[in-house]
Amino acid sequence: MTPSNSTHDADDDPRNKDIKIYVNGDIVHRDEAKVSVYDSGFMLGDGMWEGMRLYDGTWAFFDEHMDRFLNSCKSVSLDPGMTKDEILDALNRTAAANSMTTDVHCRLMVTRGVKDKPFQHPKLSRSGPTVVMILEHSKPVDRLHSKGIRLATVPQVRGLPMSQDAKYNSHSKLNCVIACLQAEQAGADEGLMLDPHGFVNTTNACNFFIVRRGEVWTSTGDYCMNGVTRQKVIDLCRDNDIPVFEKNFSLYEAYGADEAFLTGTFGAQTPVAEIDGKPIGTGERPVTARIRQLYKELIHSQI
């Protein structure tokens, strides 16, 4: 079986063995960064997280990431105990403690905190939130942009908002983990997930786009994480006369696409080589390449 890849594959960086991590106001060596087994995030997946990237000393699209993160926390009555400016200050202090300036990926995590007893009720978390910021030297591997990702359509779906809204970047990611396992068992790299009506939706880790006859299509966004990078790609297409549509489409259109790519904070835009063993297009990806260049220029303009 061909070894699997991931949209989060990064070049190995030995510096990450000695990074310092932010834990509830302290910045400590990774070996000392610990949370309680009574923490609601560990025990129940009761928490929210956000992924961000640092480019030349600037956290890309920080306001957009904070809008999503803080809205998610508010929606589940989780007080992170920090303002947006305080989060930014903590991120910058952690980056400075690690001598980090660029090609850095952060995972910001906030849980409801340590529980008094190992049960579900949120009111058992009385001591306040747990806040963790993991910053790593992390640069996507180059091979994925030439080789592409292999997707397999999986039975696990992104559900309806009243079950668990996929717009939450919650610690409860089991449905995505299951989708990833199903894809690997099918010999692919990641899982292509459908929505409850059978339309193409997202992958287990990233948002999904196809290109057909020069048009860029992505899902309606009703059943997937509304990614910051996803929205930036949509905006870039609109601003640069690339036809773009948020719409329902089936595997029929996906299989027959000229190009396909994934979007995410870590990998930006990652080409898709095949879906369910079917090659996508001819391997030429002019629209994807143009979008990648426009995105790089957008990042550069923020620095």
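My aim in this report is to walk through the structure given alongside it, one point at a time. No experiment lies behind these values; they were computed from the predicted model shown.

Rules used in this analysis
- Residues numbered from 1 in each chain as written.
- Predicted model: local features only at pLDDT ≥ 70, side-chain atom pairs only at ≥ 80, totals over all residues.
- Heavy atoms only, no water.
- Pairing = 2+ DSSP bridges.
- Helix = DSSP H or I, 4+ residues; strand = E, 2+ residues; numbered from the N terminus.
- Contact = heavy atoms within 4.5 Å.
- Axes fitted to C-alpha atoms, helices over the stretch in contact; angles between N-to-C directions.
- Buried < 20%, exposed > 50% of the residue type's maximum accessible area, 1.4 Å probe, protein only.
- Parallel < 35°, antiparallel > 145°, perpendicular 65-115°, else oblique.
- Left-handed = near helix turned anticlockwise from the far one by under 90°.
- Nonpolar A, V, L, I, M, F, W, Y, C, P; charged D, E, K, R; others polar.
- Salt bridge = Lys/Arg side-chain N within 4 Å of Asp/Glu carboxyl O.
- 1 Å grid on protein atoms, 1.4 Å probe; cavity = no way out; pocket = protein on both sides within 12 Å on 5 of 7 lines; lining within 4 Å.
- Points joined across faces, edges and corners; volume = space filled by probe spheres on them.
- Expected span 1.5 Å × (residues − 1).
- Disulfide = S-S within 2.5 Å.
- Patch = residues over 30% accessible without salt bridge, like charges linked within 9 Å, V, L, I, M, F, W, Y side chains within 5 Å.
- Areas by Shrake-Rupley, 256 points an atom, 1.4 Å probe, with all protein chains shown as cover.

To continue, consider the sheet that holds strand β2 (residues 26–29). What holds strands together in a sheet is hydrogen bonding between their backbones, with the strands either parallel or antiparallel. Strand order in the open sheet formed by 6 strands is β2-β1-β6-β5-β3-β4, with antiparallel pairing between adjacent strands. Each end of this open sheet is capped by a strand with a single partner; those strands are β2 and β4 (58–59). The sheet contact formed by strand β5 (residues 104–111) and strand β6 (residues 130–137) spans 8 bridges and is antiparallel. Bridging across to β6, H105 finds its partner in E136. Across the sheet, helix α2 (residues 62–75) is in contact with β3 (47–55), β4 and β5; its angle to β3 comes to roughly 175°.

Now for the side chain of S125. By the secondary structure assignment, S125 is in the loop between β5 and β6. Its relative accessible area of 14% is what places S125 among the buried residues. Once residues lying within four places of it in the same chain are set aside, the contact partners of S125 are S40, R112, G113, V114 and K115.

Packing of α2 against helix α3 (residues 84–97) brings their axes to within 11 Å, and their N-to-C directions diverge by 120°. Taken together, the axes of α2 and α3 lie oblique to each other. Relative to α3, α2 is oriented so that their crossing is right-handed. Contacts from F62, D63, M66, F69 and L70 in α2 reach K84, I87, L88 and L91 in α3. Among the residues making up the contact of α2 with α3, the classes are represented as 7 nonpolar, no polar and 2 charged.

Next up on the list: the pattern of salt bridges. Overall, the coordinates contain 12 salt bridges when judged by the stated rule. Ionic pairing is found between R15 and D13, a salt bridge with its closest N-O pair at 2.7 Å. A relative accessible area of 18% means that D13 is categorised as buried.

Right, let's get into empty space enclosed by the protein. The tally for this structure, following the rule as stated, stands at 3 cavities of 30 Å³ or more. There is about 40 Å³ of room inside the largest cavity. Residue lining of the largest cavity: R53, Y55, A60, F61, H65, V228, T229, T265 and Y295, and that is the complete set. Secondary structure elements with two or more residues in the lining of the largest cavity: β3 and α7 (228–239). Class assignment for the residues of the lining of the largest cavity results in 5 nonpolar, 3 polar and 1 charged.

On to α3. Spanning 14 residues, α3 covers 20 Å between terminal C-alpha atoms, matching the ideal 20 Å at 1.5 Å per step. One or two residues past the end of α3 sits S99, with phi positive at roughly 55°.

One pass over the structure, following the stated rule, counts 0 disulfides. The thiol of C106 is unpaired, and the distance to the nearest cysteine sulfur, on C73, comes to 14 Å. Lacking any disulfide linkage, C237 is separated from the closest cysteine sulfur, that of C224, by 15 Å.

On the secondary structure map, I303 appears in the segment after α9 (286–302). Remark: the alpha-carbon pair of I303 and W59, spanning 244 residues in sequence, is separated by 8.7 Å. Not counting the four nearest positions on each side in its chain, I303 is found in contact with Y55, D56 and T58.

For the second largest pocket, the calculated volume is near 340 Å³. Lining the second largest pocket are 16 residues; nearest its centre among them are Y55, P140, H145, R292 and K296. Counting residues per element, the ones that place at least two in the lining of the second largest pocket are β3, β14 (268–275) and α9. Among the elements that line the lining of the second largest pocket, the one with the most residues is α9, at 4 residues. Residues of the lining of the second largest pocket, tallied by class, amount to 7 nonpolar, 3 polar and 6 charged.

Together, V37, Y38, F42 and V114 make up an exposed nonpolar region whose accessible area comes to about 390 Å². The residue F42 is located in helix α1 (residues 40–44) in this model.

With that out of the way, let us pick up α7. With 12 residues, α7 extends 16 Å between its outermost C-alpha atoms, agreeing within 8% with the 16 Å of an ideal straight helix rising 1.5 Å per residue. Taken as a whole, α7 has its buried residues at V228, T229, R230, K232, V233, I234, L236 and C237. The first or second residue beyond α7 is D241, which carries a positive phi of 60°.

Turning our attention to unusual backbone geometry. Of note in the backbone geometry, D56 takes a positive phi value of approximately 45° without being a glycine. Relative to the helices and strands, D56 resides in the loop between β3 and β4. The phi angle at D276 is positive, at roughly 55°, despite the residue not being glycine. Turning to its location among the elements, D276 is positioned in the loop between β14 and β15 (278–279). Residue classification places D276 among the partly exposed positions, given a relative accessible area of 28%.

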